[in-house]
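# Coordinate analysis (summary)
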Amino acid sequence: QIIKFLNILVKVVQDALCDEDDQVRKMATQCFQSLFQVVGTRTLDEVVPALLVSMESEDDVTKTRALNGVTGILSVRSRELLPYIIPRVLKAPLTISHADALASISAATSQTIHMHFNSIIPTLIMELSSFYGASLDEEEKLREEAARSCSRALCRNVDTVGVNWLISEVISKCTHDKESVRKEACWFLQIIVEERQSAADFHEDVDIIIRELIHRLNDDNSVVLKANNVAIGALTKCVPVEELVKHIRYIKDLIGSMVSDARYRKGGVGDGDFFLPGLNIPKGLEPLLPIYQRGILYGDATTRELAASGLGELIKITQTKYLAGPFLIKLTGPLLRIVGDRNPPAVKIAIVQTLGLILTKGGPALRAFVPQFQTTFVKALSDPSRQVRIEAIKALALLMPLSTRVDPLIKELVSTSLGKSSSVTADTAGLVAIQTATLEALAVVLKHGGSKVKLAESVPSSLDAGKELVLHEDDGIRESAAKVVGYACELLGVDEANSAMEELVVDQASNLSSCSVEVKHGIACICRRVLSRPIGANIDREIYKSITSIILTLMKDDKTMVKEAASVAIGAVLGSSGDINSTLSSLEKSIAKNMDTKEELSVQQGAADGLSIAARLQPGIFRTHEGLFLINSALKMAMSGSQRVQFSYNDFLWIALDVENGETGLNEYLEHAYLEEAKKMKAIFSKVLVKIKAVNDDD
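Nothing here was measured: the structure is a model prediction, and the numbers come from that model. (Residues numbered from 1 in each chain as written. Predicted model: local features only at pLDDT ≥ 70, side-chain atom pairs only at ≥ 80, totals over all residues. Heavy atoms only, no water.)

### Brief notes about the overall build of the chain
Quick note on the threshold: Helix and strand definitions here come from DSSP, where helices need a minimum of 4 consecutive H or I residues and strands a minimum of 2 consecutive E residues; each element is numbered from the N-terminal end. Radius of gyration: over C-alpha atoms. The globule rule applied is 2.2 Å multiplied by the number of residues raised to the 0.38 power. Throughout this description, buried means an accessible area under 20% of the type-specific maximum (1.4 Å probe, protein chains only), exposed means over 50%, and partly exposed covers the range between. Should any heavy atoms of two residues lie within 4.5 Å, those residues are counted as being in contact. Residue-level accessible areas treat just the shown protein chains as cover; the underlying method is Shrake-Rupley with a 1.4 Å probe. In this tally Asp and Glu are treated as negative and Lys and Arg as positive; neither His nor the chain ends contributes. To locate a charge, take atom NZ for lysine, CZ for arginine, CG for aspartate or CD for glutamate.
Secondary structure assignment for the chain yields 33 helices and zero strands. A compact globule built from 699 residues would reach a C-alpha radius of gyration of about 27 Å, whereas the chain, at 38 Å, exceeds it by more than 25%. Its C-alpha atoms give the chain principal-axis dimensions of about 130 × 65 × 45 Å. Within the chain, buried positions represent 55% of all 699 residues. Sequence separation of 24 or more characterises 72% of the internal contacts of the chain that already satisfy a separation of 6 or more. When the accessible area of the chain is evaluated, it comes to approximately 31500 Å², of which 50% is carbon and sulfur surface. Counting 77 positive and 88 negative side-chain charges, the chain places the centres of these two groups 1 Å from one another.

### Examining the packing of aromatic side chains
The condition is simple: Put simply, two rings from Phe, Tyr or Trp (the six-membered ring, in Trp's case) pair if the centres are within 6.5 Å, and we call them stacked under 30 degrees between planes, edge-to-face over 60, tilted for the rest.
Following the criterion strictly, the structure yields four aromatic pairs and no others. Look at Trp187 and Phe188: their rings are 5.7 Å apart centre to centre, the planes differ by 85 degrees, and that puts the pair in the edge-to-face class. Taking the relative accessible area as the measure of exposure, Trp187 reaches 12% and is therefore buried. Here Phe622 and Phe652 contribute two aromatic rings whose centre-to-centre distance is 5.1 Å and whose plane-to-plane angle is 85 degrees, an arrangement assigned as edge-to-face. With Phe622 in the loop between α29 (601-617) and α30 (628-638) and Phe652 in helix α31 (residues 643-656), the pair connects residues that are 30 residues apart, well separated along the chain. Classification of Phe652 as buried rests on a relative accessible area of 0%.

### Brief notes about a negative patch on the surface
Our working definition: Here a patch means residues that are over 30% exposed by relative accessible area and free of salt bridges, tied together within 9 Å if like-charged and within 5 Å if nonpolar (Val, Leu, Ile, Met, Phe, Trp, Tyr). We define a salt bridge as a side-chain nitrogen of Lys or Arg found within 4 Å of a carboxyl oxygen belonging to Asp or Glu.
The grouping of Asp475, Glu479, Glu564 and Asp609 at the surface amounts to a negative patch. Here Glu479 shows up in helix α23 (residues 475-492). Taking relative accessible area as the criterion, Glu479 reaches 36% and is therefore assigned partly exposed.

### Let's talk about the pattern of salt bridges
In the structure shown here, the tally under the stated rule is 25 salt bridges. Between Arg148 and Glu184 there is a salt bridge, with its nearest N and O atoms 3.0 Å apart. Pair noted here: Arg148 is in helix α7 (residues 138-157) and Glu184 is in helix α9 (residues 179-195), with a separation of 36 residues, a long-range link. Since its relative accessible area comes to 18%, Arg148 is described here as buried. Here Lys467 makes a salt bridge to Glu503, at a shortest N to O gap of 3.2 Å. One end of the pair, Lys467, is in helix α22 (residues 458-469); the other, Glu503, is in helix α24 (residues 494-506), with 36 residues separating them in the sequence.

### Points about the packing of α24 against helix α26 (residues 541-554)
Rules: Each axis is a line fitted through C-alpha atoms, taken for helices only over the stretch in contact, and angles between the N-to-C directions span 0 to 180 degrees. For classification, angles of less than 35 degrees are called roughly parallel, those exceeding 145 degrees roughly antiparallel, those between 65 and 115 degrees roughly perpendicular, and all remaining angles oblique. The crossing is said to be left-handed when, going from far helix to near helix, the turn is anticlockwise and less than a right angle, and right-handed when the turn is clockwise. Ten residues, namely Ala, Val, Leu, Ile, Met, Phe, Trp, Tyr, Cys and Pro, are considered nonpolar, four, namely Asp, Glu, Lys and Arg, are considered charged, and the remaining ones, Gly among them, are considered polar.
Orientation of α24 relative to α26, taken along the N-to-C sense of each, is 30 degrees, at an axis distance of 11 Å. In this view, α24 runs roughly parallel relative to α26, as classed from their interaxial angle. Here the hand of the crossing between α24 and α26 comes out left-handed. Residues Asn498, Met501, Glu502, Val505 and Val506 of α24 touch α26, and the partners they reach there are Ile543, Ser546, Ile547 and Ile550. Looking at side-chain class alone, the contact of α24 with α26 contains six nonpolar, two polar and one charged residues.

### Details of the nonpolar core
For clarity, the threshold we go by: Take the buried residues of types Ala, Val, Leu, Ile, Met, Phe, Trp, Tyr and Cys, join any two whose side-chain atoms come within 4.5 Å, and each joined set is a nonpolar core.
Counting 213 residues, the largest nonpolar core has Ile551 and Phe622 as its most contacted members. The contacts of Phe622, once residues within four sequence positions are left out, are Leu574, Leu584, Leu611, Ala614, Ala615, Gly627, Leu630, Ile631, Phe652, Ala656 and Tyr669.

### So, the confidence of the model for the chain
We apply this condition: For every residue, the pLDDT score states the predictor's confidence, bounded by 0 at the bottom and 100 at the top.
In this model, the chain carries an average pLDDT of 89, and 90% of its residues clear a pLDDT of 70 or more. Averaged pLDDT values over the elements of the chain bottom out at 60 in helix α3 (residues 42-55) and peak at 97 in helix α11 (residues 222-238).

### Observations regarding unusual backbone geometry
Looking along the chain, the bond that leaves Ala92 and enters Pro93 is cis, with omega of -5 degrees. Examined against the element boundaries, Pro93 turns out to sit in the loop between α4 (60-89) and α5 (96-108). We note that Ala200 has phi near 50 degrees; this positive angle belongs to a residue other than glycine. On the secondary structure map, Ala200 appears in the loop between α9 and α10 (206-216). Look at Lys283: it is not a glycine, yet its phi comes out positive at around 60 degrees. Looking at the secondary structure, you find Lys283 in the loop between α13 (248-264) and α14 (289-298).

### Quick look at the packing of α9 against α10
One way to put it is that α9 packs onto α10 with a least axis distance of 11 Å and a crossing angle of 140 degrees. With respect to α10, the axis of α9 lies oblique. Like other packed secondary-structure pairs, α9 and α10 cross with a definite hand, here left-handed. Where α9 approaches α10, its residues Arg182, Cys186, Leu189 and Val193 are matched on the opposing element by Ile209, Glu212, Leu213 and Arg216. Looking at the contact of α9 with α10, its residues break down into five nonpolar, no polar and three charged.

### Overview of α23
Threshold: Expected helix span is taken as 1.5 Å per residue step, with the number of steps being one fewer than the number of residues. Identification of polar contacts relies on pairs of N or O atoms within 3.5 Å, with a donor-acceptor requirement for protein atoms, meaning one able to donate a hydrogen and the other able to accept it, and with residues adjacent in sequence counted only if both atoms are side-chain atoms.
For α23, which comprises 18 residues, the first-to-last C-alpha distance of 26 Å matches the rise-based estimate of 26 Å (1.5 Å per residue) to within 8%. Taken across its 18 residues, α23 has 13 buried, putting it largely inside the fold. For α23, the N-terminal capping position is held by Asp474, with its side-chain oxygen 3.0 Å away from the main-chain nitrogen of Gly476. Gly493 occupies a position one or two residues after α23 and carries a positive phi of about 105 degrees.

Right under this line is the structure:
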């Protein structure tokens, strides 16, 4: 019966579906559904083609009515109708009317539209990418605007079940060969998080979005980097930061993996500078900052450590010019705020290290923070953790170029090193550790900031503290106190240096055989530290002769600790000589004796350290005929014996041959060397020495 009147019914239903009145369209949709249940797909065949034709009409009214009809049908029969419609509206180039139609269709088919994302999303991204770099006329600008509006509508309208489908399709384009496609994929990730912010139904896929956006930080195209930067900014604004903090380890690992790949892949930069492109654009680091700030300020111990160390890694791979003053202040504030809290050692280490990096990058921009930095680092010198104390000493060295008020700092360090500070309440073992760290810090301050001293008593008080503690029962305190004496003598001049050496070395050693181990060790440490400074070359020659005799005696001492310290000190004696060839001739056999493999390993290493000091103070001396005996002895040690010892002698050879500046030093040595030694030196030079980047022997 119904089929007889189908043509009439179809016409009526079709007109009603396109009506301007919502209620009429709603009733027509119900009629269409009833008709479909009776007649089946023939209903679609009779109604839809005419509507699709009308959608292509030039007349806006006809077009709008047809779209009303199509969306009405889609609201009840989307599964059957979408396969017909999607290919038609996605025809390239995407017209304004088709883009608008697709937006309306997505609203009507929110629960099923995602099944066609595999064709819709690539088409939209490719269409948008076609506008990149082109000179657009007005119509093309309108088409681009329509495509972007359509894309936002799709992201907004899709049901929760389709969000994962949407993200997956967009992610697949993030690594496309064309930069224009990658740019639009980043933009799509941006609008997904913006349009789904209130629904918050993409949070389960945040790790996928993070992965792609972090990987895009290493893109080689500036336009992609900018789009990616905006997308990361959208993510940190639209997702609660406490949610993003949960992914901080993942972010840190992703960045670490990228940096490692950039360094060590074939053709990578190795240990050279590497700056992550996405961070080295204006405000490149800013979108990520809220995650790290939240982790530092409110995270548990593990999160704080990850956030602080992760922030440090980001600073390392960002050029200084992209870390402007105000931005550095944003980085610094949270770290200074929580460093004094009751944090585990790992957290404090990460924070102090990152503060040190900020100082390195920030320079004068951070001058206003110097008092807070100084208080933080000095307090850390009393921390129970040795590594925290070490990092605080390093950080103080970095702070000195910015510090203008060094005298109060020296006064505080002198007081603490002598155990007189009210803040020191540790047990004996803890007190020794704190005194050692404070003396090391005092030496660093004198070295890097001693020239800024304004009060006459500051450096002499440091020297007095060093003198008092250089004969302490603890060997660590003696070594650190000797450093203080060395730097203080350098600042006070040759008269004070002569007086100190007379008092602390010559007078103390007047009856050397009856001296305690502590005194002998202290004497050797002082000689090393004073003579290895530039002031050492100006020490009175009579005092110098006495020192030489004392150190040669100590090199034969039966206590390993004394013998080791004297083996290092003899290098400083050699390096500060006014007649290097004569001194070398008189000392070389004694030095070589302590290099023998029959000696304790620490003594063998001490001799290597001493030679390194001499090579620094007298550049080129071991590349002459006079220095041949010792450098050949060192070559033998570098090719045999314990690995620890080999490393020490490799370091000496690196300094002696000036490997840092090429093969000139090697060639100078080869002019004097015999064939066998020359062959061995060439081998170790090419296989070992050239691979050493630097030797840090300035401790």
